[in-house]
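# Structural description and commentary
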Amino acid sequence: MLLTITTTMSQATDLGFLLHKHPGRVQRFEQAYGTAHVFYPDAEEQRCTAALLLDVDPVQLVRTRGRGTPDFSLGQYVNDRPYAASSLLASAMANVFRTAMRGRCDLRPELVDTPIPLEVVLPALPCRGGPGQAERFFAPLGWDVSAVPVPLDPDFPEWGDSRYVTLTLTGTLRLADALNQLYVLLPVLDDAKHYWMAPDEVDKLIRAGEGWLAAHPDRGAITRRYLANRRSLVQSALGRLADAEDASDEELDPVEVEEEAPAAEDGQAEAAPEEASVSLAELRLRSVVQALHDENARRVIDLGCGSGKLLARLAKDEFFSEISGSDVSHRALGHASRRLRLDKQPRRESDRVQDVFQGALTYADERFRGYEAAVLMEVIEHVDPPRLGAVERVVFGHASPRVVVVTTPNAEHNVRYEGMAPGAMRHPDHRFEWTRPEFRAWADRVAAEHGYRVRHVPVGDDDPEVGAPTQMGVFTR
Ligand code: SAH
């Protein structure tokens with residue numbers, strides 16, 4: 001099976017730096033089920049193509065079946081796996097292009113974050129649901145999609161098409177994003193449903209999906225297929241996606257799992273969508289709003305406001321008279337102002353929104369002052385520990401509002417998320433996740449140093465053993 005990636009950026013051969021594979025070489029990488037080859041059929045300044053050719057040994061595949069093979073969908077010596085680019089190819093990609101997928105390139109660091117013109121071709125991709133399904137999954141990510149069905153046998157056109165397509169994706173994207181999208185979506189399009197589930201499968205999905213999956217209109221369907229409809233894994237993944245999503249433009253929606261009814265080819269019904277439940281993100285919003293009401297704090301600044309979910313909630317509540325938000329991320333602020341329709345006239349709810357501005361919590365800023373309350377909702381865990389002291393001084397020392405509300409994950413609760421490796425964190429950008437005693441110790445010290453009192457409120461299902469998923473500290477001066 002074959003995957004080619006072509007770029008026409010200037011100095012196209014720099015693709016070799018991004019992939020960490022030299023354009024002048026042919027390399028081979030042994031896999032558990034065959035051999036992956038990387039080579040460049042084309043390496044010119046104007047156009048460069050890298051090819052990943054995976055040569056699957058079906059005998060080896062069957063022998064290693066169940067022992068860490070990512071796919072044992074067919075326990076037969078004769079099967080389509082050697083030709084069908086799906087989970088085996090994805091697994092080889094993860095192995096061969098690991099550093100590129102993590103978005104690291106020490107020799108051309110500026111290229112990593114630069115969207116480049118790309119063309120990705122997969123001559124034979126199993127595509128359950130037909131060409132439209134490929135379009136549905138890839139187009140929202142910014143790709144021009146061509147999915148041409150492969151006839152079952154060109155000599156017998158009356159037999160019709162196979163379930164394979166030739167997929168060509170054209171677009172201008174970061175290479176790491178493109179690779180991660182393929183890594184997730186190739187097996188998802190195959191939807192073989194029986195592939196082997198590693199214990200950290202949800203972690204892998206969250207990591208590979210960073211920056212694109214949470215906001216994908218089909219994230220529910222993608223997650224369900226990727227996790228082979230394993231209900232508890234799917235629930236855990238969707239919860240974490242909804243939770244970690246800080247840059248989505250969509251409206252707030254307390255329903256985590258959306259409807260999907262793909263035609264089940266094998267006559268077997270897809271697992272029913274999970275019961276609509278109130279997401280942790282929603283519970284957190286409600287708890288923060290409640291705490292602000294309880295403390296009678298009407299003038300509020302949301303520090304690290306992200307895409308503005310809390311701001312939108314405060315704007316709808318007449319209790320709050322003055323609302324501002326700040327974040328260090330321009331991109332997040334763009335989402336926030338679209339969500340709040342700050343650019344639209346006439347403004348209605350947003351009239352009480354004073355200011356949404358860029359600012360870093362590690363630097364004292366006059367604009368943070370003058371509010372009754374400051375909220376840091378799911379922010380501190382994004383701050384490198386050595387800089388946390390600066391954030392404490394800025395918020396509790398310099399801005400020093402009467403009330404500070406802080407929420408952060410409770411690391412103890414992570415064992416309740418199925419598919420999460422021990423010691424893993426919920427989001428790739430988290431610098432730490434604290435247990436309840438760790439958060440308490442931090443909160444008590446900060447309160448004592450700056451003249452506050454703190455009360456602790458669990459958010460979400462308060463498990464008798466490991467506590468609630470989110471912990472909230474309400475500081476009052
Ligand atoms: N409070 C939002 C977003 C949480 S994600 C919510 O709960 O939905 C964490 C946010 O903190 C991100 O938007 C990130 O850009 C912001 N952030 C991280 N470090 C920051 C810093 N030093 N200064 C300001 N914002 C920061």
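Residues numbered from 1 in each chain as written. Predicted model: local features only at pLDDT ≥ 70, side-chain atom pairs only at ≥ 80, totals over all residues. Heavy atoms only, no water.

Going by this rule: UniProt positions are given in the numbering used here, feature names are shortened, and annotations may be inferred rather than shown by experiment.
Per an unreviewed UniProt entry, the protein goes by the name Small RNA 2'-O-methyltransferase and belongs to Actinomadura coerulea. For the record of the protein, the UniProt heading Cofactor (unreviewed entry) holds the text "Mg(2+)". Recorded under Catalytic activity (unreviewed entry), the UniProt text for the protein is reproduced unchanged: "small RNA 3'-end nucleotide + S-adenosyl-L-methionine = small RNA 3'-end 2'-O-methylnucleotide + S-adenosyl-L-homocysteine + H(+)".

### Let's talk about the sheet that holds strand E9 (residues 322-327)
Operational definition: Strand pairing is assigned whenever DSSP detects at least two bridges linking the two strands. For helices the rule is a DSSP run of H or I covering at least 4 residues; for strands it is a run of E covering at least 2, with both sets numbered from the N terminus onward. Every angle, taken between N-to-C directions, lies between 0 and 180 degrees, and every axis is a line fitted to C-alpha atoms, over only the stretch in contact when it is a helix.
Pairing in this open sheet of seven strands is mixed, and the strands run E10-E9-E8-E11-E12-E14-E13 from one edge to the other. The open sheet terminates on both sides in strands that have one partner only, identified here as strand E10 (353-358) and strand E13 (453-459). Each strand axis lies, on average, 15° off the axis of its neighbour in the sheet, ignoring direction. Judged from the seven bridges that link them, strand E12 (residues 403-409) and strand E14 (residues 470-476) form a sheet pairing that is antiparallel.

### Some points on the sheet that holds strand E7 (residues 161-173)
This is how the line gets drawn: The contact rule is simple, with two residues in contact once any of their heavy atoms fall within 4.5 Å.
As summarised here, the arrangement of the seven strands in space is E2-E3-E4-E1-E5-E7-E6, forming an open sheet in which the pairing is antiparallel. Both outer strands of the open sheet, strand E2 (27-31) and strand E6 (144-151), are each paired with one neighbouring strand and no more. On average, each strand axis in the sheet is inclined to that of its neighbour by 15°, with strand direction left out of account. In this structure, strand E1 (residues 2-7) lies alongside strand E4 (residues 48-56), joined through six bridges in antiparallel fashion. In the strand pairing of E4, leucine 2 is matched with leucine 53. The strands that helix H3 (residues 87-96) touches are E1, E2, strand E3 (34-43), E4 and strand E5 (116-126); relative to E4, the one it contacts most, it runs at about 120°.

### Some points on the pairing of strand E11 (residues 373-377)
The side chains of a regular strand alternate, first on one face of the sheet and then on the other. The test is simple: Relative accessibility thresholds used throughout: buried, under 20% of the residue-type maximum; exposed, over 50%; partly exposed, between the two (1.4 Å probe, protein chains only). A right-handed crossover is one whose linking path, passing over the helix from the first strand to the second, runs clockwise when the strands point away from the viewer.
In terms of burial, E11 is largely enclosed, as five of its five residues are buried. Burial along E11 is two-sided: the residues Ala373, Val375 and Met377 and Ala374 and Leu376 are all buried. Relative to E11, strand E8 (residues 299-303) runs parallel, the two being bridged by three bridges. For isoleucine 301, the partnering residue across the bridge sits in E11 and is alanine 374. Where E11 meets E12, five bridges bridge the pair, whose relative direction is parallel. Paired with valine 375 across the two strands is valine 405, which belongs to E12. Crossover handedness for the path E11 to helix H14 (residues 385-399) to E12: right-handed.

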